[in-house]
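Structural overview for review
Next come the chains, spelled out residue by residue.
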Amino acid sequence: MARRIPGLKALSCFEQIARHSSVSRAAEELYLTQSAVSRQLQGLESWLGCKLFMRKKQRLILTSQGEDYLQAIRPALDQLETATLKLLSGGSDGGVLTIAAPPTFGSRRLIPFLPDFRARHPDIVINFISRIGMPDFDREQIDIAVVFGNGDWNGLEARRLEGEDMVPICSPGLIANMDHPPQPDDLRQFSLLHIATRPHGWRDWLTAAHLTGIDGENGPKFEHFTMAMQAAIAGLGVALLPTFAIGDEMANGKIIAPFGPPRASPLHYFATCPQSRVRTPKIRAFMKWLAEREQTQGRKTSFKTE
């Protein structure tokens, strides 16, 4: 007896529209025309006898029926993809592994080490994307996300990675006219540059340094480490950045760290994935590799502030 299921092409279009909330973005992802994707959606809605999306301010938003249907079919689509990739790879437990990570952490603390992972698991293809904060694993089709926080997220497996050693940095020109070697207490003379993802960074650092009377809450705010770095290089003030993010700029003399040693942040980076997927071979392989790398390398503690 024939199965009562719609065509795979229509389901793929539906999933991509849901992922991007846009027919045009889905068309780009699928290498189809917008009209072709729209026809697939219309045909699927006609076949199912219900509306899967509603339009809201130029975006397509899932209806309650559309959301329920997406959550029900996505595991089946994932299974189809996994089975197909396994067959194409000769039966190995490979496939495509999509990893999301904050841009600076990803580029400086993960990507340089990926050749080692690829050498150990040549059957796993890595897609690496930039994300700040916790993603929607299902909607964005992400397998593993590196997130900064306390490690307590419901429904997620969280493997602790490294922490952040934060240090104040500035351009050499900012302190060029000082009549004495800079001291931590001199920070009160300068504008403190803040990072949006670390709203309490300066407050925590000042507390750890036992400094009082300095406002660690106010000052210019920047979205990313890189933006705060460029602001410091331009002489706008003193930025508080993790040591792993400033090695090259310190080496070429664009910035200096004259106000004291790095101090540990109370939070850490974690590699996270949904608990329901932690036993997936490709995810298990990457998590195991991360654990081994943490054990053998650990956090680099040497850092010169001069």
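Anything mentioned here points back to the structure above.
Please read all numbers here as calculations on a predicted model, not as lab measurements.

**Quick word on helix α1 (residues 8–20)**
A rise of 1.5 Å per residue sets the reference length of α1, with its 13 residues, at 18 Å; its end C-alpha atoms lie 18 Å apart and thus fit the reference within 8%. Looking only at α1, the buried set comprises A10, L11, C13, F14, E15, Q16, I17, A18 and H20. Within two residues after α1, S21 carries a phi angle of roughly 55°, on the positive side.

**Overview of the pattern of salt bridges**
Summed over the entire model, instances satisfying the criterion amount to 12 salt bridges. Two residues, E45 and K51, come together in a salt bridge whose shortest N-O distance is 3.6 Å. The residue R108 makes a salt bridge to E249 at a minimum N-O spacing of 3.2 Å. In this pair, R108 sits in helix α5 (residues 103–110) while E249 sits in helix α9 (residues 247–251), placing the two residues 141 residues apart along the sequence.

**Quick notes on the environment of E67**
Along the polypeptide, E67 turns up in helix α4 (residues 64–88). Sequence separation between E67 and F53 is 14 residues, and the spatial gap between their C-alpha atoms is 8.9 Å. For E67, the residues in contact, after removing those within four places along its chain, are L62 and R139.

**Some points on the environment of R59**
Relative to the helices and strands, R59 is located in strand β2 (residues 59–62). R59 sits in the partly exposed class, given a relative accessible area of 44%. As a C-alpha pair, R59 and K254 span 195 residues in sequence and 44 Å in three-dimensional space. Beyond its immediate chain neighbours, meaning those up to four positions away, R59 contacts S21 and M54.

**Things to note about the layout of surface pockets**
Quantified by volume, the largest pocket comes out at close to 1,000 Å³. As for the largest pocket, its lining consists of 33 residues, and the residues nearest its centre are E15, L77, D78, E81 and Q141. Looking at the lining of the largest pocket, the elements with two or more residues in it are α1, α2 (23–30), α4, β3 (95–101), β4 (124–130) and α10 (281–297). Looking at the lining of the largest pocket element by element, the count peaks at 10 residues for α4. Taken together, the residues that form the lining of the largest pocket break down as 10 nonpolar, 11 polar and 12 charged.

**Digging into the pairing of β2**
Covered by surrounding structure in β2 are L60 and L62 only, the residues R59 and I61 on the alternate face being uncovered. As defined by bridge partners, strand β1 (residues 53–56) adjoins β2 across 4 bridges and the pair is classed as antiparallel. Residue pairing in the sheet places K56 in a bridge with R59 of β2. Linking β1 back to β2 in an antiparallel pair, the connection comprises 2 residues, with K57 at a positive phi of about 50°.

**Things to note about the sheet that holds strand β9 (residues 238–242)**
Strand order across the open sheet formed by 8 strands is β4-β3-β5-β10-β6-β9-β7-β8, with mixed pairing between neighbours. At either end of the open sheet lies a strand with only one pairing partner, and these are β4 and β8 (221–222). Sheet topology places β3 next to strand β5 (residues 144–149); 2 bridges connect them, and they run parallel. Paired with A100 across the two strands is A145, which belongs to β5.

**Some details on the packing of aromatic side chains**
Tallying each qualifying case throughout the model produces 13 aromatic pairs. Ring geometry for W153 and F270: centres 5.6 Å apart, planes at 80°, overall edge-to-face. Residue W153 is located in the loop between β5 and β6 (156–169), and its partner F270 is located in strand β10 (residues 263–274); the two are separated by 117 residues in the primary sequence. Note on W153: relative accessible area 22%, which makes it partly exposed. Each member of the aromatic cluster is reached from another via a ring pair, and the members are F105, F148, F225, F244 and Y269. A cation sits over an aromatic face here: R263 above W205, 5.7 Å from the ring centre.

What counts, and at which threshold
The residue count restarts for each chain, going from 1 along the sequence in the order it is written. Confidence filtering applies because this is a predicted model: local features only for residues at pLDDT of at least 70, side-chain atom pairs given and counted only at 80 or more, and all residues used for totals across whole chains, interfaces and linings. To get the side-chain values, all heavy atoms of the structure are used, and hydrogens and water are removed first. Numbering goes from the N terminus for both helices and strands, where a helix is a DSSP run of H or I of at least four residues and a strand is a run of E of at least two. For a helix, the expected span equals 1.5 Å multiplied by the residue count minus one. Relative accessibility thresholds used throughout: buried, under 20% of the residue-type maximum; exposed, over 50%; partly exposed, between the two (1.4 Å probe, protein chains only). Throughout this description, the term salt bridge denotes a Lys or Arg side-chain nitrogen within 4 Å of a carboxyl oxygen of Asp or Glu. Here, two residues are considered to be in contact whenever any of their heavy atoms come within 4.5 Å of each other. Grid points spaced at 1 Å over the protein atoms alone were grouped into cavities, where a 1.4 Å probe fits but cannot get out, and pockets, open sets with protein on both sides within 12 Å along at least five of seven lines, with lining residues defined by an atom within 4 Å of a point. Grid points are joined across faces, edges and corners, and a volume is the space filled by probe spheres set on the points. The classification used treats Ala, Val, Leu, Ile, Met, Phe, Trp, Tyr, Cys and Pro as nonpolar, Asp, Glu, Lys and Arg as charged, and all other residues, Gly among them, as polar. Two strands qualify as a pair provided DSSP detects at least 2 bridges between them. Side-chain rings of Phe, Tyr and Trp, where Trp is taken by its six-membered ring, are said to pair if the distance between their centres is within 6.5 Å; with planes under 30 degrees apart they count as stacked, over 60 as edge-to-face, and otherwise as tilted. Two conditions define a charge sitting above a ring: the NZ of Lys or the CZ of Arg must be within 6 Å of the ring centre, and it must be within 35 degrees of the ring normal.

It is worth stressing that arrangement in space is one thing and function is another; only the former is reported here.
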